[in-house]
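Examining the three-dimensional arrangement
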Amino acid sequence: MNRENTNRQTAKPAIRIGHGFDSHEFHDGIQLKIGGVVLAHHRGLGGHSDGDVLLHAITDALLGAVAAPDIGALFPPSDPKWKGADSAVFLREALQRVEHAGYAVANIDSSLILAAPKIGPHAGKIRDRVAELLGVPADCVGLKAKTPEGLNLDNTAIAHVVVLIERTDRT
Ligand code: MG
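I will try to describe carefully the structure that is included in this document. Every value quoted in this text rests on a predicted model; they were computed, and no experiment measured them.

1. Observations regarding the pairing of strand 6 (residues 141-146)
Bridge count for strand 5 (residues 103-113) against strand 6 is 6 bridges, and the pairing is parallel. Bridge assignment links Leu112 to a residue of strand 6, and that residue is Ala145. Handedness of the strand 5-helix 5 (residues 123-134)-strand 6 crossover: right-handed.

Below, the structure written as structure tokens:
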């Protein structure tokens, strides 16, 4: 192995990326929470925790960026402790792992796919809350909403997230 390869394997990268995906099914009679924000709607997202599909995808993106175990491994749905849990708890744990690894969030981008409700009117509030949870300015949080045209998934909410983290020990 030559010197160049050795250095590449031992040096801590200046930046790393992470990707997260999640989906949850809509159910009648439960509260809808997306990005840590409660939205007025007649249906909410099922799940063992509060069903916050966006925070779950962000959590997995953060964990993936530092090659940590995923959300299901850290917070197993089989554990009654997480029943009805605020998903901000999961995100905070993932963020701590990023920080302990010596990194900070540079920015995230996300796509939400759901038939209803319309996200546009709530996008500012969701971005603000996600930015607050991540400790970044709101202009470092991208949020795009799409309808699931042609997917036959009107009863499902899907979130895709990518995150960029950067080393904190660089000047
Ligand atoms: Mg989930």
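Moving on from the model shown.
2. Points about the coordination of the magnesium ion
Distances from the magnesium ion to its protein donors, namely Asp22 (OD), His24 (NE2) and His56 (ND1), fall within the range 2.0 to 2.2 Å. For His24, a relative accessible area of 12% puts it in the buried group.

3. Here's the deal with the packing of helix 2 (residues 53-65) against helix 4 (residues 88-100)
Packing of helix 2 against helix 4 leaves a shortest axis separation of 9 Å and a crossing angle of 15 degrees. Relative to helix 4, the element helix 2 is oriented roughly parallel. Judged by the sense of rotation from one axis to the other, the crossing of helix 2 with helix 4 is left-handed. Taking contact as the criterion, the partners of Leu55, His56, Ile58, Thr59, Leu62 and Leu63 in helix 2 are, on helix 4, Ala88, Phe90, Leu91, Ala94, Leu95, Arg97 and Val98.

Thresholds, definitions, all that
- Residues numbered from 1 in each chain as written.
- Predicted model: local features only at pLDDT ≥ 70, side-chain atom pairs only at ≥ 80, totals over all residues.
- Heavy atoms only, no water.
- Pairing = 2+ DSSP bridges.
- Helix = DSSP H or I, 4+ residues; strand = E, 2+ residues; numbered from the N terminus.
- Right-handed = clockwise from strand over helix to strand, strands pointing away.
- Donors = N, O, S within 2.8 Å, 3.2 Å for Na, K, Ca; no water.
- Buried < 20%, exposed > 50% of the residue type's maximum accessible area, 1.4 Å probe, protein only.
- Axes fitted to C-alpha atoms, helices over the stretch in contact; angles between N-to-C directions.
- Parallel < 35°, antiparallel > 145°, perpendicular 65-115°, else oblique.
- Left-handed = near helix turned anticlockwise from the far one by under 90°.
- Contact = heavy atoms within 4.5 Å.

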